[in-house]
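Secondary and tertiary structure notes
The chain contents come next:
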Amino acid sequence: MDAAEQIASLETEPLPWAEICARYPDQYVCLVDVMHPPLRSPEIITARVVGHGATDDEAFEPIRDRAAQYPRFAVRFTGESTIPLLRPSFVFDEEDLKLLHS
Amino acid sequence: MKKISSSFIRSRELILVEAEVIGRDGRTTEAQLIVDTGAAATTLTPKLVKRIGYSRKDGYKDAKVQTAISEERGYWLHVAQLDVLGIATPNFAVTVFPLGHQNLDGLVGMNFLRHFNFEIRPAEQLIHVELIEP
């Protein structure tokens with residue numbers, strides 16, 4: 001089985017987000033053909049899964065080198081984050097401030 | 001004045017919006033970003049920018065981050081395009097730094113938001129952006 005066939009065997013039909021979460025609980029999933037509600041909502045109506053795994057790298061790996069076939073994708077975690085948001089406190093110098101104002 | 005409306009999700013009382021980031025060779029990833037009016041810079045995670053073809057060597061300047069116990073280093077990067085809240089911004093400068101959280105890809109900071117008037121309507125889960133005439 002070549003790489004394209006392997007991906008084809010992994011790739012699902014369009015699935016509702018709830019079904020994706022049920023099939024791949026607490027995993028990262030790599031999604032294509034993502035359908036959202038109107039007005040750019042972050043919610044997902046349906047998507048096709050092309051990779052999944054315990055890490056985002058693992059989920060993305062099947063399409064990493066297939067940009068021509070999969071030019072657009074999303075990587076999502078199906079569970080609740082167990083790691084809090086770390087909000088960085090940047091220390092800006094003069095050059096940084098010019099970038100911020102550009 | 002043109003107005004653009006976008007919906008958002010309140011995720012643990014954070015304002016979560018959908019974005020697209022275009023990288024090297026046009027590869028595009030969808031991203032979930034927090035709208036953060038308390039952040040000067042827009043930040044993306046290293047993992048997200050790596051998936052669209054960037055690495056630290058594409059950064060053009062270090063970005064210093066002060067933590068409680070030390071100083072860490074992220075970097076500044078120009079992504080090919082950032083699309084968020086219905087606004088496409090080519091060659092946009094972002095800081096790159098890990099944010100920890102598994103469901104978030106970055107923060108939309110004031111270096112993006114300051115170019116528009118915007119209104120956040122939490123009860124309706126809508127953000128209205130008003131383009132400013134040049």
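The following refers to the structure shown. The structure displayed is predicted, hence computed values, not measured ones. Within every chain, residues take consecutive numbers counted from 1 along the sequence as written. Note on labels: chains are lettered from A, ligands numbered from 1, in written order. Thresholds applied to this predicted model are a pLDDT of at least 70 for local features of residues and 80 or more for the giving and counting of side-chain atom pairs; totals over whole chains, interfaces and linings are not thresholded and use all residues. For side-chain calculations, the full set of non-hydrogen atoms in the structure is used, while hydrogens and water are omitted.

Some words on the overall build of chain B
Rules: What counts as a helix is a DSSP run of H or I of at least four residues, what counts as a strand is a run of E of at least two, and both are numbered from the N terminus. Our radius of gyration looks at C-alpha atoms and nothing else; its globule reference is 2.2 Å times the residue count to the power 0.38. The rule is simple: take the accessible area with a 1.4 Å probe, protein chains only, and divide by the maximum for that residue type; under 20% is buried, over 50% is exposed, in between is partly exposed.
What chain B contains, in helices and strands, is two helices and 11 strands. Scaling as 2.2 N^0.38, a compact globule of 134 residues should have a C-alpha radius of gyration of about 14 Å, and chain B matches this with 15 Å. Each principal axis of the C-alpha atoms in chain B carries an extent, and together these give about 40 × 35 × 25 Å. The proportion of buried residues among the 134 residues of chain B is 52%.

Points about the pattern of salt bridges
Rule in force here: For salt bridges, the criterion is a side-chain nitrogen of Lys or Arg within 4 Å of an Asp or Glu carboxyl oxygen.
The tally for this structure, following the rule as stated, stands at 23 salt bridges over all chains. Salt-bridge contacts for A:Asp56 lead to B:Lys47; the nearest nitrogen and oxygen are separated by 3.1 Å. Remark: B:Lys47 occurs in helix α1 (residues 46-51) and A:Asp56 occurs in helix α3 (residues 56-60); the pair is interchain, linking two chains. In this structure A:Asp56 comes out as buried when scored by relative accessible area, which is 6%. For B:Lys47, a relative accessible area of 45% gives the class partly exposed. Salt-bridge contacts for B:Glu124 lead to B:Arg121; the nearest nitrogen and oxygen are separated by 2.8 Å. Given a relative accessible area of 31%, B:Arg121 falls into the partly exposed group. Linked by salt bridges that have partners in common, B:Arg56, B:Asp62, B:Glu71 and B:Arg73 make up one network.

Some remarks on the sheet that holds strand β10 (residues 116-121) of chain B
Residue and element names in this part refer to chain B. Rule in force here: Any two strands are treated as partners once DSSP identifies two or more bridges connecting them. Fitted lines through C-alpha atoms serve as axes, helices being fitted only where they are in contact, and the angles separating the N-to-C directions of these axes extend from 0 to 180 degrees.
The three strands are arranged β1-β11-β10 in an open sheet whose pairing can be described as antiparallel. Lying at the two open borders of the sheet, with one neighbouring strand each, are β1 (3-7) and β10. Sheet twist, expressed as the average angle between the axes of neighbouring strands with direction ignored, equals 20 degrees. Relative to strand β11 (residues 126-131), β10 runs antiparallel, the two sharing six bridges. What sits directly across from Phe118, in β11, is Val129.

Remarks on the interface of chain A and chain B
As a reminder, the rule being used: When checking whether two residues touch, look at their non-hydrogen atoms; a contact exists if any pair is within 4.5 Å. Think of a polar contact as two N or O atoms within 3.5 Å of one another; within protein, one of them needs to be a possible hydrogen donor and the other a possible acceptor, and neighboring residues in sequence only count if both atoms come from side chains.
Counting residues at the interface gives 45 residues for chain A, matched by 55 residues for chain B. At the junction of chain A with chain B, the criterion picks out 10 salt bridges. The salt bridge involving A:Glu80 is made with B:Arg12; its shortest N-O contact spans 3.0 Å. At the boundary of chain A with chain B, the tally comes to 29 residue pairs in polar contact (both at pLDDT 80 or more). Of all the secondary structure elements, the ones that give two or more residues to the side of chain A that touches chain B are β2 (28-35), α3, β4 (72-77), β5 (89-91) and α4 (94-101) of chain A. Relative to strand β4 (residues 28-35) of chain B, β4(A) is paired through two bridges, and the arrangement is parallel. Within the sheet, the bridge partner assigned to A:Phe73 lies in β4(B) and is B:Thr29.

Section: the side chain of B:Asn103
Assignment of secondary structure puts B:Asn103 in the loop between β8 (87-96) and β9 (106-108). A distance of 3.2 Å separates a polar side-chain atom of B:Asn103 from the backbone oxygen of A:Gly79. In contact with B:Asn103, not counting residues within four places along its chain, are A:Phe77, A:Gly79, A:Glu80, A:Ser81 and B:Gln32.

A short note on the pairing of strand β7 (residues 71-84) of chain B
Side-chain positions along a regular strand alternate between the two faces of the sheet. Residue and element names in this part refer to chain B. Pairing of strand β3 (residues 14-22) with β7 involves four bridges; the strand directions are antiparallel. Considered in β7, the bridge of Val21 is made with Leu82. Linkage of strand β6 (residues 61-66) to β7, two consecutive antiparallel strands, is achieved through a turn of four residues. Bridge count between β7 and β8: nine bridges; the pairing is antiparallel. Looking across to β8, one finds that Val79 is bridged to Phe92. Turn length for the β7-β8 hairpin, with the two strands adjacent in sequence and antiparallel, is two residues, and the turn residue Leu85 shows positive phi of about 55 degrees.

Points about the pairing of β2(A)
All names here are of chain A. Among the eight residues that make up β2, six are buried, leaving the element largely enclosed by the rest of the structure. The pairing of β2 with strand β3 (residues 46-53) spans six bridges and is antiparallel. Looking at the pairing, Met35 lines up with Thr46 of β3. Looking at chain direction, β2 and β4 are connected through four bridges and run antiparallel. Residue pairing for β4: Val29 is matched across the bridge by Arg76.

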